[in-house]
Structures are given as C-alpha cells and as structure tokens.
Amino acid sequence: MSFHDLRRGTLLCYQSDLLHQPHGFTTRLGGVSTGHLASMNLGLSRGDDRENVLKNYEILGEAIGFDPHKTVQAVQVHGNAVRLCTEGDWGKGLYAHTDYEADGLMTNVPGTALVVFSADCGTILLEDPVTGAVGACHAGWRGTALGIAEKTVTAMVNAYGCDPNSIRAALGPCISPCCFETDEDVPQAMIAALGVEAMPAITQNGAKYHVDIKYLNRLFLEKAGVLPEHMDTSPLCTACDPDQFWSARRHKDQRGSLGAIIVAGGNS
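Notes on the structure follow. (Residues numbered from 1 in each chain as written. Predicted model: local features only at pLDDT ≥ 70, side-chain atom pairs only at ≥ 80, totals over all residues. Heavy atoms only, no water.)

## Observations regarding the pairing of strand 12 (residues 202–205)
- As judged from the 4 bridges shared by strand 12 and strand 13 (residues 208–211), these two strands associate in the antiparallel manner. In the strand pairing of strand 13, Q204 is matched with Y209.
- The hairpin formed by strand 12 and strand 13 contains 2 residues between the paired strands, and G206 there has a positive phi angle of roughly 70°. (Pairing = 2+ DSSP bridges. Helix = DSSP H or I, 4+ residues; strand = E, 2+ residues; numbered from the N terminus.)

## Details of the packing of helix 4 (residues 185–194) against helix 5 (residues 213–223)
- It is at 12 Å that the axes of helix 4 and helix 5 come closest, and there the two elements cross at 15°. For the element pair helix 4 / helix 5, the angle class is roughly parallel. The two elements helix 4 and helix 5 cross, and the hand of that crossing is left-handed. Here helix 4 contributes M190, A193 and L194 to the contact with helix 5, which in turn contributes L216, L219, F220 and K223.
- Taken together, the residues of the contact of helix 4 with helix 5 sort by class into 6 nonpolar, no polar and 1 charged. (Axes fitted to C-alpha atoms, helices over the stretch in contact; angles between N-to-C directions. Parallel < 35°, antiparallel > 145°, perpendicular 65-115°, else oblique. Left-handed = near helix turned anticlockwise from the far one by under 90°. Contact = heavy atoms within 4.5 Å. Nonpolar A, V, L, I, M, F, W, Y, C, P; charged D, E, K, R; others polar.)

## What to know about the environment of S16
- Within the secondary structure layout, S16 lies in strand 2 (residues 11–16).
- Put simply, S16 and T233 are 217 residues apart on the chain and 8.4 Å apart in space, counted from C-alpha to C-alpha.
- What S16 contacts, discounting residues up to four positions off in sequence, is S2, F3, H4, H23, A170 and D232.
- Among the polar contacts listed, one links the side chain of S16 to the backbone nitrogen of L18, at a separation of 3.0 Å. (Polar contact = N/O pair within 3.5 Å; in protein donor to acceptor, adjacent residues only side chain to side chain.)

## Points about the pattern of salt bridges
- Counting across every chain of the model gives 6 salt bridges.
- The partner of D89 in a salt bridge is R83, with the nearest N and O atoms 2.8 Å apart.
- D89 sits in the buried class, given a relative accessible area of 2%.
- With a relative accessible area of 25%, R83 lands in the partly exposed category.
- Between K208 and D183 there is a salt bridge, and its shortest N-O distance comes to 2.6 Å. Residue K208 is found in strand 13, and its partner D183 is found in the loop between strand 11 (181–182) and helix 4; the two are separated by 25 residues along the sequence.
- Accessibility expressed as a relative area gives 32% for K208, which makes it partly exposed.
- With a relative accessible area of 42%, D183 lands in the partly exposed category.
- In the salt-bridge network here, residues are joined through shared partners; they are R83, D89, K92 and D99. (Salt bridge = Lys/Arg side-chain N within 4 Å of Asp/Glu carboxyl O. Buried < 20%, exposed > 50% of the residue type's maximum accessible area, 1.4 Å probe, protein only.)

## Considerations on the nonpolar core
- Formed by 40 residues in total, the largest nonpolar core has its most connected members in I124, L126, M156, M190, L216 and L221.
- Put simply, the parts of the chain that give this core at least two residues each are strand 8 (122–127), strand 9 (134–139), helix 2 (141–145), helix 3 (148–160), strand 10 (168–171), helix 4, strand 13 and helix 5.
- Of the residues forming this core, the biggest block, 6 residues, is contributed by helix 3.
- In this structure, M156 is in contact with M106, L126, A133, V134, G135, G161, C162 and I167, ignoring residues within four places of it in sequence.
- Of all hydrophobic cores here, the second largest spans 24 residues; its members include Y14, L19, V72 and A260. (Core = buried A, V, L, I, M, F, W, Y, C linked by side-chain atoms within 4.5 Å.)

Set out below in structure tokens:
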C-alpha cells in the first residue's frame, strides 16, 4: 500500500490507501493562520487567533469529510493512556475543555473525528473494517517506548471486540532516523521495552544515536497482533521538509501543530 496526496486549493494532506474511513495527516499548508503559524495550524495552544484555528478545521473538515463540532482531542503528555471516546466527548479541545490526559484515542461512534497532534512525533491511525472502530495515537519517543501503539490496539480489542488481525494501521510523517539524533537515553528506553528486537532501529554515530520510531511502532503493532501487510508507513520526514511540515527540532517554539485525524463511520 502507499500514501497519496489530498489537495483542495492550497490545502495538502496525506492519506493512506490502506484506510477506508475518512482520514488525513496534515501539512502546514492550506489554512488561514499567519506569520510563523502559516497556515494550517490546528493547535489552540500555539498562540494563534481562535477564529483562525476554527476556520482551519472547517477547511480541513470539508476536504476530509468531518464535522469540526464532532472532533475529539486530548491533552497529550507523552504517555500511554488510551481514552474511549463517545458523543459526550464531541468538541473537547476545540469547543469545550478537555478534562483528561491521553496519547491514544478510540471510538466506534459514527461521525466522531479523533485528532492527535504532532510536530516531529509519530502519529498512527487505526481502523477495524469489521467493527467500525477507529483509533489514533500520538507516539513521541517516550510514548513509543511505553507502547502507546500496542496499548491502543489492545484497548480497541477489549472495548469493541476487534480482531487485531483485522485492524489496519497507517503511520504518518514524522521525524526519521536521518534527522532524529539522540543521546543514549532514547535507545536505552527502546531496548528496555523491546530487547534485541529494537536494535535494527538504532544506529550509533560516535556519542550520538539515530533512532527509527516508525520501525519501533511497527514492532509494537505486531506485538498487539496487527499483521505487517495491514500496516502502511509514510516515508516522509517532518524535519527534512520544514516548508511542508512543522518540526519541533527545526522550528523550536516558532511553529504550529500538525494533525492526524480519522473519522468513525460504522462497519465498512
């Protein structure tokens, strides 16, 4: 499988051929935000005008196919908590206060649009075509090491009766090993979590290391029972292309928030 472009005017986001529910991994292109937030900033915490952010969700919702009032967001803390989302969560993070912390979201309520944010961190969208359940993960290196991808799949299995062999996973653009240079704490965390299985994702370069978090998240998905042929991984590196993506490593605090969004639509 592969990723393809979704373009609407100046808007650009990416979709996986593997997923059938409405979804997208955004770039920084196609919105109305200005200055260093130009232009598709999706985060209200980045100093943007609220009206700009809401307009960006309207533009994106029309392109992908979701109602911004039915979006659900979380306070992301680089952990491994998973939130089961219902109609009662609609609008949280955008129109209402978010009263929970989580780096994984899941739902089977049709029309619910799960949103996770990144600016180099990994994002993973999950879909079970049998039950209609969907999930979304924010997987920075800490969340990756804590197994957020595996825990979200397991939570979907427990809550909705999904067969992990049926679940599809799309891993979106994020910082790649070419740019993800770290100290030894990152590889140590991965080896502590995965043992020798983590080694192919780690390359040492003097006192520094380069780490492939996409590879590591695929390992965690396999541990949860997701089949390798049911995974689709974007080759794009957010730090390599700062004109298309915001990168915490490149832009520091002068950046907006990218989003990964998937919409529950019932059984396929």
